[in-house]
Amino acid sequence: MQRNQWKTASEQLLKHWLSCGISHLPTHAPQSNSTATQWLTENAACVFQTSPAMDSAESALETNADPIALATLPDTRPLATASPETAPSVRERGPQVQPVAIAALNASPSQTARKSNASIASPPAESLGTPGTWHSKTLDVSSRALQLHELNEQVKACRKCEDIVCRRQQTVFGVGATQARVVMFGEAPGADEDRVGEPFVGAAGQLLDKILAASGLHRPDVYILNALKCRPPNNRTPTELEIENCRPFFESQLEAIQPEYIVCWGAVAVRAVLRSTESVGRLRGKFHAFRGAKVMVTYHPAYLLRNPDAKRLTWDDMKMLIKEMGMQIPTKST
């Protein structure tokens with residue numbers, strides 16, 4: 001089989017595992033990937049049911065992906081599990097293994113280079129506490145605009161998420177002031193956004209505009225973007241792999257703009273920016289951090305449309321943000 005055929009077969013197998021809820025492959029942590037491949041060969045009967053799957057697994061391990069577990073993946077169990085009563089001995093089951101995130105096997109070298117020793121449910125150190133620093137120097141207005149333009153062209157050319165690319169009308173990059181103090185970070189484009197090519201233009205976007213106006217902010221004063229640049233089919237929740245595929249884009253956007261504050265609207269935005277699986281309810285009411293920015297978490301406008309009682313909580317969050325920015329809430333004219 002040719003190399004490109006191996007690659008296609010491996011990608012199809014990994015997507016099948018992800019769709020079945022399998023998120024990790026076993027591999028040996030302290031030794032080389034060849035040891036892990038040997039273990040897979042010896043235990044093929046209990047781990048994989050068909051030889052094509054075994055071949056694809058070996059091909060995936062030969063990519064030398066780092067043995068990392070992405071902080072946003074929900075399940076850390078290896079593929080093969082057994083009860084204590086039926087578990088084979090160490091000699092029978094081969095070397096002890098650590099899980100390898102399937103998403104990491106599909107990641108680019110720049111993605112797999114980022115290792116994390118944190119647990120799956122815990123965000124990295126830079127996501128909590130006092131903000132750190134941005135990774136690059138602050139750009140002037142023209143350089144910032146040029147960098148965002150080039151990044152937008154890369155987004156348009158991206159074909160990583162095959163399930164989305166074949167259905168999207170256009171990509172949704174981001175809009176607003178490139179020198180904004182505040183970035184509004186959403187989840188993924190909906191039908192209206194997919195049609196127009198801008199984030200937050202549907203019913204949820206109209207509610208967002210009202211929230212901003214009531215807070216003394218306006219749409220032209222902020223920068224708005226989503227974790228995903230393409231609309232998932234039927235507005236389904238973005239997968240972890242899709243978020244990771246878009247990560248270089250939205251992190252580069254944030255790095256170019258370097259806002260003082262980032263508002264995460266909804267759980268997907270939280271997973272993308274803070275790499276946390278904690279609920280919005282647990283994370284709201286206090287500031288977190290992403291590089292040089294303070295991060296506020298609140299409910300997505302689409303959630304507020306379905307649950308009007310939560311609007312009061314979001315309003316409390318916005319008042320906390322405005323106070324932190326040194327501004328005042330506008331008084332209503334009588």
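Residues numbered from 1 in each chain as written. Predicted model: local features only at pLDDT ≥ 70, side-chain atom pairs only at ≥ 80, totals over all residues. Heavy atoms only, no water.

1. Topic: the side chain of Glu-242
Now for step 1: Considering the arrangement of structural elements, one finds Glu-242 in helix α12 (residues 240-257).
Now for step 2: Among the residues examined, Glu-242 registers a relative accessible area of 6% and is labelled buried.
Now for step 3: The contact partners of Glu-242, leaving out residues within four places of it in the chain, are Cys-161, Ile-164, Leu-228 and Arg-236. (Helix = DSSP H or I, 4+ residues; strand = E, 2+ residues; numbered from the N terminus. Buried < 20%, exposed > 50% of the residue type's maximum accessible area, 1.4 Å probe, protein only. Contact = heavy atoms within 4.5 Å.)

2. Examining the pairing of strand β6 (residues 261-265)
Now for step 1: Along β6, 5 of the 5 residues are buried, which leaves the element largely enclosed by surrounding structure.
Now for step 2: Burial of the side chains of β6 extends over both faces: Tyr-261, Val-263 and Trp-265 are buried on one face and Ile-262 and Cys-264 on the other.
Now for step 3: In this sheet, strand β8 (residues 293-298) lies alongside β6 in parallel orientation, the contact comprising 5 bridges. Of the residues in β8, the one forming a bridge with Val-263 is Met-296. (Pairing = 2+ DSSP bridges.)

3. Re the nonpolar core
Generally speaking, soluble globular proteins have nonpolar side chains that are buried together.
Now for step 1: If you look at the biggest cluster of nonpolar residues, it comprises 58 residues, and the most contacted ones within it are Met-184, Phe-185 and Ile-262.
Now for step 2: Per element, the largest residue contribution to this core is 7 residues, and it comes from α12. (Core = buried A, V, L, I, M, F, W, Y, C linked by side-chain atoms within 4.5 Å.)

4. A few points about the pattern of salt bridges
Now for step 1: Scanning the model with the defined rule gives 17 salt bridges in all.
Now for step 2: A salt bridge links Arg-167 to Asp-163; its shortest N-O distance comes to 2.6 Å.
Now for step 3: Looking at Asp-163, the relative accessible area reads 35%, which means it is partly exposed.
Now for step 4: Taking the shortest distance from any N to any O, the salt bridge between Glu-324 and Lys-294 comes out at 2.4 Å. Placement of Glu-324 in helix α16 (residues 311-324) and of Lys-294 in strand β8 is noted, with a sequence separation of 30 residues between them.
Now for step 5: Residues joined by salt bridges that share partners form a network here, namely Glu-244, Arg-247, Glu-251, Glu-255 and Arg-291. (Salt bridge = Lys/Arg side-chain N within 4 Å of Asp/Glu carboxyl O.)

5. Focus on the pairing of strand β7 (residues 287-290)
Now for step 1: The sheet contact formed by β7 and β8 spans 4 bridges and is antiparallel. What sits directly across from Ala-289, in β8, is Lys-294.
Now for step 2: Taking the residues that link successive antiparallel strands as the turn, the β7-β8 hairpin has 2 residues, and the phi of Arg-291 there is positive, at about 50 degrees.

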